[in-house]
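Observations on chain architecture
What follows is the residue order along each chain.
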Amino acid sequence: MYQSTTPRGDSPVTIIGAGIAGAWQALLFAQAGHDVTLHEKSDAAMMLSTSHWAGGMLAPWCESEVSEPIISRLGLRSLDLWREALPDTPFNGSLVVAHARDRNDFERFAKLTSGHRRLDAAGLAALEPSLEGRFRDALFFAAEGHVEPRRVLPKLHEKIVAAGGTIRFDSEVEARDIDGLVIDCRGLAAREAQPELRGVKGEMILIETDEVQLARPVRLIHPRWPLYVIPRENNLFMLGATSIEAEDTDVSVRSALELLGAAYAVHPAFAEARIVEFGSGLRPAFPDNLPRIAIEEQRISVNGLYRHGFLIAPALAELTLNYVARGQIDNEVMRCA
């Protein structure tokens, strides 16, 4: 990082998009004393937002298996920001498991990641009794956490208002029509200004059962259909992990079969679970799948969070605030016109 000679001052800030990226921008700017207005084109339920369909895993060490180091750096800082803003955020860790036939992939995952300790079958059963006898060992990432997007976004919105910010739902605005500092967090809706963006579909299934209890996300390693099972409140579980280069929002039969089959491989009791919901969201991604803060005078765009939105949004907001407040530039993330 280096210090720019042109800090932006303390002007009012308009933020477009109240999903996870925009919500964190609005929260940190409001807490820093700025006059913040957050615009969102959908209603308060946020069903049009990609965040509505997200997993909400805060897992920088697990993600390092397939992600660039910058994701881990931003993710680790974000864990602290989540703890500060929402102290009740569950940090119960996460588990990685695999069946014997996928042993090589499991060991590869262990070598490519850090921040874990290996549990034997007894240790796994002590941590998650529902998994007793299911796997001979596991990797336990004790410092990781997870949030439920549909519950945590409203909490962030409440904190924005409590800090003095204003949120306007059902409000579709154009950055060019707004005076002062504008932060664009619209995801794919910003493609007219950033044509490199593409949508990457992430599908999810929500199921309900009281036959399995989990306290933390469980990742099943598999060469063809890796899976994560994320516990929700009220005996709900989210099944996810698809990442498809397509821009429709349907859930394919193949994906549904693979997600449900993988869940059954984690625990056969999932076969009797009730399917509550199918859905998918389009993650905004640049060609390198890395986030970008683009700065052009009074216009700042925060986009390309890909599949790491909840993990890195807090740190990206902090970087944007540091630039506005002190002219500080992060060369890995920021591009200045």
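Residues numbered from 1 in each chain as written. Predicted model: local features only at pLDDT ≥ 70, side-chain atom pairs only at ≥ 80, totals over all residues. Heavy atoms only, no water.

**Focus on the overall build of the protein**
A count of helices and strands for the protein gives eight helices and 19 strands. By its C-alpha atoms, the protein is 60 × 40 × 35 Å across when sized along the principal axes. When the 337 residues of the protein are sorted by exposure, 58% land in the buried category. For the protein, the share of sequence-separated contacts (at least 6 apart) that also reach a separation of at least 24 residues comes to 75%. As presented, the protein carries roughly 14,600 Å² of accessible surface, and 49% of it is formed by carbon and sulfur atoms. If the 35 positive side-chain charges of the protein are averaged to one point and the 46 negative ones to another, these points end up 4 Å apart. (Helix = DSSP H or I, 4+ residues; strand = E, 2+ residues; numbered from the N terminus. Buried < 20%, exposed > 50% of the residue type's maximum accessible area, 1.4 Å probe, protein only. Contact = heavy atoms within 4.5 Å. Areas by Shrake-Rupley, 256 points an atom, 1.4 Å probe, with all protein chains shown as cover. Lys, Arg positive; Asp, Glu negative; His and termini not counted. Charge placed at Lys NZ, Arg CZ, Asp CG, Glu CD.)

**Re the pairing of strand 10 (residues 181–184)**
Here strand 10 shows no split at all, with Leu 181 and Ile 183 on one side and Val 182 and Asp 184 on the other all buried. Two elements, strand 2 (residues 13–16) and strand 10, share four bridges in a ladder whose sense is parallel. Note on strand 10: the bridge partner recorded for Thr 14 is Val 182. As paired elements, strand 10 and strand 17 (residues 299–303) share three bridges and run parallel to each other. Residue Ile 183 lies in a different strand from strand 17, and its bridge partner there is Ile 300. (Pairing = 2+ DSSP bridges.)

**So, the pairing of strand 3 (residues 36–39)**
Within a regular strand, the side chains alternate between the two sheet faces. Here strand 3 shows a buried face lined by Val 36 and Leu 38 and a second buried face lined by Thr 37 and His 39. For the segment spanning strand 2, helix 1 (residues 20–31) and strand 3, crossover handedness is right-handed. Pairing between strand 3 and strand 9 (residues 166–168): three bridges, direction parallel. Along strand 9, the bridge assignment pairs Thr 37 with Thr 166. (Right-handed = clockwise from strand over helix to strand, strands pointing away.)

**Considerations on the sheet that holds strand 10**
Two pairing modes exist for strands in a sheet, parallel and antiparallel, and in both the strands are linked by backbone hydrogen bonds. Taking strand neighbours across the sheet as the criterion, the seven strands line up as 9-3-2-10-17-16-19 in an open arrangement whose pairing is mixed. Bordering the open sheet on either side are strand 9 and strand 19 (334–336), each of which pairs with just one other strand. Sheet twist, expressed as the average angle between the axes of neighbouring strands with direction ignored, equals 15 degrees. (Axes fitted to C-alpha atoms, helices over the stretch in contact; angles between N-to-C directions.)

**Remarks on the sheet that holds strand 15 (residues 274–285)**
The sheet built from eight strands is open, its strands ordered 6-7-5-12-13-14-11-15 with mixed pairing. At either end of the open sheet lies a strand with only one pairing partner, and these are strand 6 (117–120) and strand 15. Pairs of neighbouring strands in the sheet enclose a mean axial angle of 25 degrees, with direction left out of account. Here strand 12 (residues 218–220) runs beside strand 13 (residues 227–231); their pairing, made up of three bridges, is antiparallel. The partner of Leu 220 across the bridge, within strand 13, is Leu 227. Here helix 4 (residues 103–112) sits on the sheet in contact with strand 5 (94–97), strand 6 and strand 7 (137–141), set at roughly 25 degrees to strand 7. Packing of helix 7 (residues 253–266) onto the sheet brings it into contact with strand 11 (198–208), strand 12, strand 13, strand 14 (236–240) and strand 15, and relative to strand 11 it is tilted by some 50 degrees.

**Quick look at the environment of Gly 199**
For Gly 199, the location among the structural elements is in strand 11. For Gly 199 and Arg 283, which are 84 residues apart along the polypeptide, the C-alpha to C-alpha distance reads 5.3 Å. Those residues in contact with Gly 199 that sit more than four places away from it in its chain are Leu 188, Arg 191, Ala 246, Glu 247 and Arg 283.

**Topic: helix 1**
Helical periodicity: at 3.6 residues per turn, an α-helix aligns residues three or four positions apart in one direction. Along its twelve residues, helix 1 runs 16 Å from first to last C-alpha, staying within 8% of the 16 Å computed at 1.5 Å per residue. Counting buried positions along helix 1 yields eleven of twelve residues, so the element is predominantly enclosed. Listed in full, the buried residues belonging to helix 1 are Ile 20, Ala 21, Gly 22, Ala 23, Trp 24, Gln 25, Ala 26, Leu 27, Leu 28, Phe 29 and Ala 30. Looking at the residues trailing helix 1, positive phi occurs at Gly 33, about 100 degrees. (Expected span 1.5 Å × (residues − 1).)

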